[in-house]
Amino acid sequence: MAVADERLADELREAIRAGELKPGEELPAESELAARFARDVPAVREALRVLRAEGLIERQHGRGHRVRQRGTGASRTNLRHQWEKNRARAPLQERARTGATEHDTGLTADDLVFHASYRTVEASEDLADAFGLPEGTALLERTYRTRPAAGSAPFGLVTSYLVHDLVAPNPDLLDETKEPWPGGSQSQLYTVGIELDRIEERITARPPTPEEAAELELPPGTSVLVLRKTSYGIDERIVGVSDVVLPGDRTELLFITPLERW
């Protein structure tokens, strides 16, 4: 890509981010853009190709380009875990008031559509290693999808695993119809006497699978963030493992580390 084309892409990108070109707005014709930015049409086409690859614009069939409507974003901070722990033993009314997704997005429960499904599976080699248990151990697999009511794409693809025998003493924890559980997973674990000591999160980035790209409605070239969350009880036992696939174009990961004072 020529330097002039890069500058044009930068100018268009800045116009989108500054709100001069708004989500859903149709871009001027290539000839108009060429005149506005004093470039030739081939340079405009190359700049538009770059912005399409970045997911900032999309081509409309039989028409021109428009600024892509981005889905509702989420800012996920590591402080959410202490927030959840503080609520785990709270009265039902307080726990039911809001959940982690509302906490991350600023939306209310009425703004969200939630789905959960449960099944019992045998631990694969990867999951057995993650839990430190024999391969084939019975696990409760829980799949979660939460999306804004105004949109069709979920905030992320969440698959969570608990040791089946560990949570079986409370039959409600095996019942997907009890979801969404007020207070979330830490409150669920509290019902069987488990208190979390810490949560470890490892994050990597990669291209999405075709299935992930379709479900998350990702534009071409968009990566996903893959988070492996491991929950440790106060007895150092691993009590939960979750795999979360997050859309890279609308997820912010914010890490805040409180430092103990001298």
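Preceding this section is the structure that the text describes.
Residues numbered from 1 in each chain as written. Predicted model: local features only at pLDDT ≥ 70, side-chain atom pairs only at ≥ 80, totals over all residues. Heavy atoms only, no water.

1. A short note on the overall build of the chain
Along the chain, the regular secondary structure elements total ten helices and ten strands. When each of the 262 residues of the chain is scored for burial, the buried share is 42%. A separation of at least 24 residues holds for 62% of the contacts in the chain among residues at least 6 apart in sequence. Total accessible area on the chain is roughly 14800 Å²; 50% of this is exposed by carbon and sulfur atoms. Across the chain, 34 positive and 45 negative side-chain charges occur, with their mean positions spaced 3 Å apart. (Helix = DSSP H or I, 4+ residues; strand = E, 2+ residues; numbered from the N terminus. Buried < 20%, exposed > 50% of the residue type's maximum accessible area, 1.4 Å probe, protein only. Contact = heavy atoms within 4.5 Å. Areas by Shrake-Rupley, 256 points an atom, 1.4 Å probe, with all protein chains shown as cover. Lys, Arg positive; Asp, Glu negative; His and termini not counted. Charge placed at Lys NZ, Arg CZ, Asp CG, Glu CD.)

2. Structural notes on the side chain of Asp104
Locating Asp104 in the fold gives a position in helix H6 (residues 100–105). Exposure remark for Asp104: the relative accessible area of 11% places this residue in the buried category. Among the polar contacts listed, one links the side chain of Asp104 to the side chain of Arg80, at a separation of 2.7 Å. Once you skip the residues sitting within four places of it in the chain, Asp104 turns out to touch Ala74, Ser75, Arg76 and Arg80. (Polar contact = N/O pair within 3.5 Å; in protein donor to acceptor, adjacent residues only side chain to side chain.)

3. Some thoughts on the environment of Gly221
Looking at the secondary structure, you find Gly221 in the loop between helix H10 (210–216) and strand E8 (224–233). In this structure the C-alpha to C-alpha distance between Gly221 and Pro208, which are 13 residues apart in sequence, comes to 9.1 Å.

4. Points about the packing of aromatic side chains
With the rule as written, the count across this model stands at one aromatic pair. Measuring from centroid to centroid gives 5.9 Å for Phe114 and Tyr144, while their planes differ by 35°, and the two rings are tilted. Taken together, the positions of Phe114 in strand E4 (residues 112–122) and Tyr144 in strand E5 (residues 138–148) put the pair 30 residues apart, joining distant regions of the chain. The exposure class assigned to Phe114 is partly exposed, which follows from its relative accessible area of 33%. One residue, Arg87, lies across the ring of Trp83, its end atom 4.4 Å from the ring centre. If you follow Arg198 out to its NZ or CZ, it ends over the ring of Tyr232, 4.0 Å from the centre. (Phe/Tyr/Trp six-rings, centres within 6.5 Å; stacked < 30°, edge-to-face > 60°. Lys NZ or Arg CZ within 6 Å of the ring centre and 35° of its normal.)

5. Thoughts on unusual backbone geometry
In this chain, Glu179 is followed by Pro180 through a cis amide linkage whose omega measures -5°. Positionally, Pro180 belongs in the loop between helix H8 (164–167) and helix H9 (184–190). Notably, Ala38 is not glycine yet its phi reads approximately 55°, a positive angle. With respect to the helices and strands, Ala38 occurs in the loop between helix H2 (30–36) and helix H3 (41–53).

6. Digging into the sheet that holds E4
Taken in spatial order, the six strands line up as E4-E5-E6-E9-E8-E7 in an open sheet, and their pairing is antiparallel. Two strands bound the open sheet, and with one partner strand each, they are E4 and strand E7 (196–206). Between one strand axis and the next, the sheet turns through 15° on average, direction left out of account. Where E4 and E5 come together, eleven bridges link them in antiparallel fashion. Each bridged residue has a counterpart across the sheet, and for Ser117 the counterpart in E5 is Thr143. (Pairing = 2+ DSSP bridges. Axes fitted to C-alpha atoms, helices over the stretch in contact; angles between N-to-C directions.)

7. Overview of H3
Helix length check: H3 (13 residues) gives 19 Å between terminal C-alpha atoms against 18 Å at 1.5 Å per residue, within 8%. Along H3, the residues that are buried comprise Ala43, Val44, Ala47, Leu48, Val50 and Leu51. Projected down its long axis, H3 shows its buried positions confined to an angular sector of 155°, all on one face. Its side-chain oxygen 2.9 Å from the backbone nitrogen of Ala43, Asp40 forms the N-cap of H3. (Expected span 1.5 Å × (residues − 1). Arc of directions from axis to C-beta.)

8. Remarks on the environment of Asp110
Its place among the elements puts Asp110 in the loop between H6 and E4. Owing to a relative accessible area of 74%, Asp110 belongs among the exposed residues under this scheme. Counting along the chain gives 38 residues from Asp110 to Pro148, while the straight-line C-alpha distance between them is 9.2 Å.

Coordinates in, geometry out; function isn't part of it.
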